[in-house]
Amino acid sequence: MNQFATIRRAQRLTGPEKTAILFLCLGEERGSKLMQELKSSEINKITRAITSMGEVQSDIVEEVMREFGQKFSDYGGIVGSVEAARGLLKGFLPEERVNSILEEIEGGVGDNLWEELSKLDEKMLADYLRKEHNQTVAVILAKVTPDAVARVLPLMGEDRTVDIIERMVSIEVLPADAMAAIEESLRREVLAKAGNNAEAEAEKQLVKVFNKLDNKMFEGIARELEKNIPEKIRAIKQKMFVFDDLGKVPANALAKIMREVSGNTLPMALRGAEKDVREHFLNALPARSRDMLQDEMKAMGPVKSKDVKKAQSDLVEAAVQLAEAGDIELPDDDDGEEMMD
């Protein structure tokens, strides 16, 4: 390779790649000492460059060293690899931290792809996976967290779930290009759309938060927000599902909601309920269960309003979770203005 070609190739190297070459030339002991002076973000960039570099010819090394003001004409070629990066990092970082950095880089998740997917709303991820072959679904679910898998699988249907699990058990390593294609599709089709839907997700989160607030506090906050963002706060109000709305839930669905709570949650919630809402709950129960619940309520004595609010919030949350899982349907509130007393 002539000198001009060498210079051009060296110039095309990124900053982290040139720095990686320098660290490899310094060796583990001196390179480790120098790395201790760097920021964590800089260490990650250099480590990623080392692990993906492969063999670098000696004339390129020499040209890079010249840029650093040194001549390494007799140094020879160097090889960047995972083990080379491990040797440099273990000189000053705990083994657990070294393994964490390398696992992130080796997995091709510099942008936290699998972590972001694991945090994603399960319905959004399931919608994407339903369009994919079961083998592809198995590969993806093998990468995300167990919690994410447990949330997504029930939405895939029993038949598909069985097949997907069988494939996950016997899964094999995919070729790098096939894995890269899957990752790119996930970024484009799932994460990008999730980002575009960030405002809707934030609104959904605020609905849950406002449902848990004391009524007076919410009214005060809402009055201030309506001065600046009236349309958005009205949209949030329309999506809020409060305890009194449970008085419109069909008896069979209400029975499922009541089974989701334990302890004194139900009698506590009903002690502070409006009469018609309380009667709706009681009528949804068999006679014996209804009598037992009424006895519990009478035996409780005076109760604190904050305890009532907490119990009612727990019932509302149980209802919303059942609805999100498709186990029940919640009634629509057209005016959205009814507030919890």
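Note that the coordinates shown come from a computational prediction; the quantities given were computed from them, not determined experimentally.

## Brief notes about the overall build of the chain
Here's step 1: The helix and strand tally for the chain stands at 20 helices and two strands.
Here's step 2: Taking the contacts inside the chain whose residues are at least 6 apart along the sequence as the reference set, 76% of them involve residues at least 24 apart.
Here's step 3: Accessible area for the chain stands at about 19900 Å²; split by element, carbon and sulfur atoms hold 49% of it.

## Description of the pattern of salt bridges
Here's step 1: Under the counting rule described, the total for this entry stands at eight salt bridges.
Here's step 2: Residue Glu115 is joined to Lys119 by a salt bridge in which the shortest nitrogen-to-oxygen separation is 3.2 Å. Of the two residues, Glu115 and Lys119 both sit in helix α7 (residues 113-119), four residues apart, roughly one turn of that helix.
Here's step 3: On the basis of relative accessibility, which here comes to 40%, the residue Glu115 falls in the partly exposed class.
Here's step 4: When its relative accessible area of 57% is taken as the criterion, Lys119 is described as exposed.

## Notes on the environment of Val277
Here's step 1: Relative to the helices and strands, Val277 resides in helix α18 (residues 275-283).
Here's step 2: Remark: the alpha-carbon pair of Val277 and Leu246, spanning 31 residues in sequence, is separated by 7.3 Å.
Here's step 3: Setting aside residues up to four positions removed in sequence, Val277 forms contacts with Phe243, Asp244 and Gly247.

## What about the packing of aromatic side chains?
Each aromatic ring pair is described using two quantities: the centre-to-centre distance and the angle formed by the ring planes.
Here's step 1: Evaluated as defined, the whole model comprises one aromatic pair.
Here's step 2: Aromatic pair Phe243 and Phe281: ring centres 5.7 Å apart, planes at 15 degrees, arrangement stacked. In this pair, Phe243 sits in the loop between α15 (230-239) and α16 (251-259) while Phe281 sits in helix α18, placing the two residues 38 residues apart along the sequence. Judged on exposure class, the residue Phe243 and its partner Phe281 are both buried.

## Details of the environment of Ala323
Here's step 1: For Ala323, the position within the fold is in helix α20 (residues 305-324).
Here's step 2: Judged by relative accessible area, Ala323 falls into the partly exposed class, the value being 24%.
Here's step 3: Remark: the alpha-carbon pair of Ala323 and Ala253, spanning 70 residues in sequence, is separated by 9.6 Å.

Rules and cut-offs
Residues numbered from 1 in each chain as written. Predicted model: local features only at pLDDT ≥ 70, side-chain atom pairs only at ≥ 80, totals over all residues. Heavy atoms only, no water. Helix = DSSP H or I, 4+ residues; strand = E, 2+ residues; numbered from the N terminus. Contact = heavy atoms within 4.5 Å. Areas by Shrake-Rupley, 256 points an atom, 1.4 Å probe, with all protein chains shown as cover. Salt bridge = Lys/Arg side-chain N within 4 Å of Asp/Glu carboxyl O. Buried < 20%, exposed > 50% of the residue type's maximum accessible area, 1.4 Å probe, protein only. Phe/Tyr/Trp six-rings, centres within 6.5 Å; stacked < 30°, edge-to-face > 60°.

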